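Chains, contacts and geometry: an overview
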Amino acid sequence: MFRKMRRFKQQLADEEALDVLKKGHLGVLSVLGDDDYPYGLPIDYFCDEDGHLYFHGAKEGHKIDAIARHDKVSFCVMDEGKPDGGFARYVRSVIVFGRIAPVEDHQRVLDAAWKLSMHIYPEQKEFYREDLRKNGDRVQILELVPEQITGKLVHER
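Right, let's walk through the structure included here.

**Considerations on the pattern of salt bridges**
- Scanning the model with the defined rule gives 13 salt bridges in all.
- The residue Asp-19 makes a salt bridge to Lys-23 at a minimum N-O spacing of 3.2 Å. Taken as a pair, Asp-19 and Lys-23 lie in helix H1 (residues 14-23) at a separation of four residues, close to a single helical turn.
- For Arg-108, the salt bridge identified is with Glu-143, shortest N-O distance 3.1 Å. Placement of the pair is Arg-108 in helix H3 (residues 106-120) and Glu-143 in strand E8 (residues 140-156), with a sequence separation of 35 residues.
- One network of salt bridges, with partners in common, ties together Glu-16, Asp-19, Lys-23, Asp-79 and Arg-92.

Below, the structure is given as structure tokens:
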């Protein structure tokens, strides 16, 4: 169903690809948008222990309309990269293919919103605790269940 990576010698082990996802917090979510145009948007996320990805966003708009029509998406992240000793970098990237849907269970929504907040802004515990107390009923969380995860190490020059 999914293509094998053409540059297979650069492929990351599954555990390393998952590590990139777990350490990152910003990627590009791509959906099939209006008139079947690809729609890619930068979005914060966190990756849970089960490998599922969670996103926070509005309950309406282009992304939500696209997901309602077609739940298959791709999600791409890159790490910061490591210098190669010169001006170039070794960069790890990961692409996830899967299906995305709103989380319906309210307690799971609150749990995911808290985990996302603490993943990105752990120093803001009190702010997010109060924000979730006040606005928890309006929070929208999307869950991406991966069907394929592929990581790659690239030497950017």
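**Considerations on the environment of Val-77**
- As for its position among the elements, Val-77 is in strand E5 (residues 72-78).
- When the C-alpha atoms of Val-77 and Gly-24 are compared, they prove to be 7.4 Å apart, with 53 residues separating the residues in sequence.
- What Val-77 contacts, discounting residues up to four positions off in sequence, is Val-20, Leu-21, Leu-26, Gly-27, Tyr-45, Arg-92, Ser-93 and Val-94.

**Let's talk about H1**
- For H1, every residue scored as buried is listed here: Ala-17, Val-20 and Leu-21. Viewed end-on, H1 has its buried residues packed into an arc of 95 degrees, placing them on one side of the element. Exposed residues lying more than 90 degrees from the buried face of H1 are Glu-15 and Lys-23.

**Looking at the packing of aromatic side chains**
- For the structure on display, the rule yields six aromatic pairs.
- Consider the rings of Tyr-45 and Phe-75, whose centres lie 4.9 Å apart with planes at 75 degrees: the pair is edge-to-face. Of this pair, Tyr-45 sits in the loop between strand E2 (38-44) and strand E3 (46-47) while Phe-75 is found in strand E5, placing the two residues 30 residues apart along the sequence. With respect to class, Tyr-45 is no different from Phe-75; both count as buried.
- Each ring, one from Phe-46 and one from Tyr-54, has its centre 5.2 Å from the other, and the planes form 20 degrees; the classification is stacked.
- Given a relative accessible area of 5%, Phe-46 falls into the buried group.
- Take Tyr-54: its relative accessible area is 6%, and that puts it in the buried class.
- Feature note: the residues Tyr-45, Phe-55 and Phe-75 constitute an aromatic cluster, connected by ring pairs.

**Some thoughts on helix H2 (residues 62-69)**
- Buried residues of H2: Lys-63, Ile-64, Ala-66 and Ile-67, and no others. Along the long axis of H2, the arc covered by the buried residues comes to 160 degrees, so they all point the same way.

**Quick word on the environment of Asp-65**
- Its place among the elements puts Asp-65 in helix H2.
- On the accessibility criterion, Asp-65 (42% relative accessible area) is partly exposed.
- Each C-alpha atom, one on Asp-65 and one on Pro-38, is 13 Å from the other, the two residues being 27 residues apart in sequence.

**Thoughts on the packing of H3 against helix H4 (residues 125-135)**
- At a minimum axis distance of 10 Å, the contact between H3 and H4 shows a crossing angle of 155 degrees. The pairing of H3 with H4 is recorded here as roughly antiparallel in orientation. The handedness of the crossing between H3 and H4 is right-handed. The segment H3 lies against H4, with Leu-110, Ala-113, Trp-114, Ser-117 and Met-118 engaging Lys-125, Tyr-128, Arg-129 and Leu-132.
- Partitioned by chemical class, the residues of the contact of H3 with H4 number six nonpolar, one polar and two charged.

Parameters and conventions
- Residues numbered from 1 in each chain as written.
- Predicted model: local features only at pLDDT ≥ 70, side-chain atom pairs only at ≥ 80, totals over all residues.
- Heavy atoms only, no water.
- Salt bridge = Lys/Arg side-chain N within 4 Å of Asp/Glu carboxyl O.
- Helix = DSSP H or I, 4+ residues; strand = E, 2+ residues; numbered from the N terminus.
- Contact = heavy atoms within 4.5 Å.
- Buried < 20%, exposed > 50% of the residue type's maximum accessible area, 1.4 Å probe, protein only.
- Arc of directions from axis to C-beta.
- Phe/Tyr/Trp six-rings, centres within 6.5 Å; stacked < 30°, edge-to-face > 60°.
- Axes fitted to C-alpha atoms, helices over the stretch in contact; angles between N-to-C directions.
- Parallel < 35°, antiparallel > 145°, perpendicular 65-115°, else oblique.
- Left-handed = near helix turned anticlockwise from the far one by under 90°.
- Nonpolar A, V, L, I, M, F, W, Y, C, P; charged D, E, K, R; others polar.

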